[in-house]
Amino acid sequence: QVQLVESGGGSVQAGGALRLSCAAKRYYTDNCMGWFRQAPGKEREGVATIYTHGGATYYADSVKGRFTISQKDAENTVYLQMNSLIPEDTAMYYCTAGGDWYSCGLLRPADSPYWGQGTQVTVSS
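**Looking at the state of the cysteines**
Reasoning step 1: All chains considered together, the criterion is met by two disulfides.
Reasoning step 2: Covalently, C22 is tied to C95 through a disulfide, its sulfur atoms 2.0 Å apart. Linking C22 and C95, the disulfide has an S-S dihedral of approximately -80° and is accordingly described as left-handed. Linking C22 in strand β3 (residues 18-25) with C95 in strand β9 (residues 91-99), this pair joins segments that are 73 residues apart in sequence.
Reasoning step 3: Taking relative accessible area as the criterion, C95 reaches 0% and is therefore assigned buried.
Reasoning step 4: The disulfide bridge from C32 ends at C104, spanning 2.1 Å between sulfur atoms. What sets the handedness of the C32 and C104 disulfide is the S-S torsion sign, and at about 75° it is right-handed. In this pair, C32 sits in strand β4 (residues 32-38) while C104 sits in helix α1 (residues 101-104), placing the two residues 72 residues apart along the sequence. Side by side, C32 and C104 carry an identical accessibility label, which is buried.

This is the structure we're talking about:
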């Protein structure tokens, strides 16, 4: 079992930035980790993923050029740097782990077996 602990959410005005962190406890190597989000009344959607072996990254079109996912192997930690935030980015953000290499680029919630508890991001206009 992989335990994921998220931090870094909060409230910010449009144009601002936040950085989310996800620490994986009882980590195992070579898997897809990522960030998904869910806004009220909307379906859960993929934001960004990273395959920990090699560091290949994938992004939803809506966040390309604004968000950056990265990892710190020694601490089993994944980050999501979010810049130029817009109100449409408001959602609960979830860290995920356990996906395989093939599905990592598809950003589908069903491909991630492990989920964190979520951290709220609110962007005001």
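**Some details on the sheet that holds strand β8 (residues 77-82)**
Through backbone hydrogen bonds, the strands of a sheet pair up, either in parallel or in antiparallel fashion.
Reasoning step 1: Strand order across the open sheet formed by four strands is β1-β3-β8-β7, with antiparallel pairing between neighbours. Among the strands making up the open sheet, the edge pair consists of β1 (3-7) and β7 (67-72). This sheet shows a mean twist of 20° between the axes of neighbouring strands, independent of strand direction.
Reasoning step 2: Looking at chain direction, β7 and β8 are connected through six bridges and run antiparallel. Considered in β8, the bridge of I69 is made with L80.

About the criteria used
Residues numbered from 1 in each chain as written. Predicted model: local features only at pLDDT ≥ 70, side-chain atom pairs only at ≥ 80, totals over all residues. Heavy atoms only, no water. Disulfide = S-S within 2.5 Å. Helix = DSSP H or I, 4+ residues; strand = E, 2+ residues; numbered from the N terminus. Buried < 20%, exposed > 50% of the residue type's maximum accessible area, 1.4 Å probe, protein only. Pairing = 2+ DSSP bridges. Axes fitted to C-alpha atoms, helices over the stretch in contact; angles between N-to-C directions.

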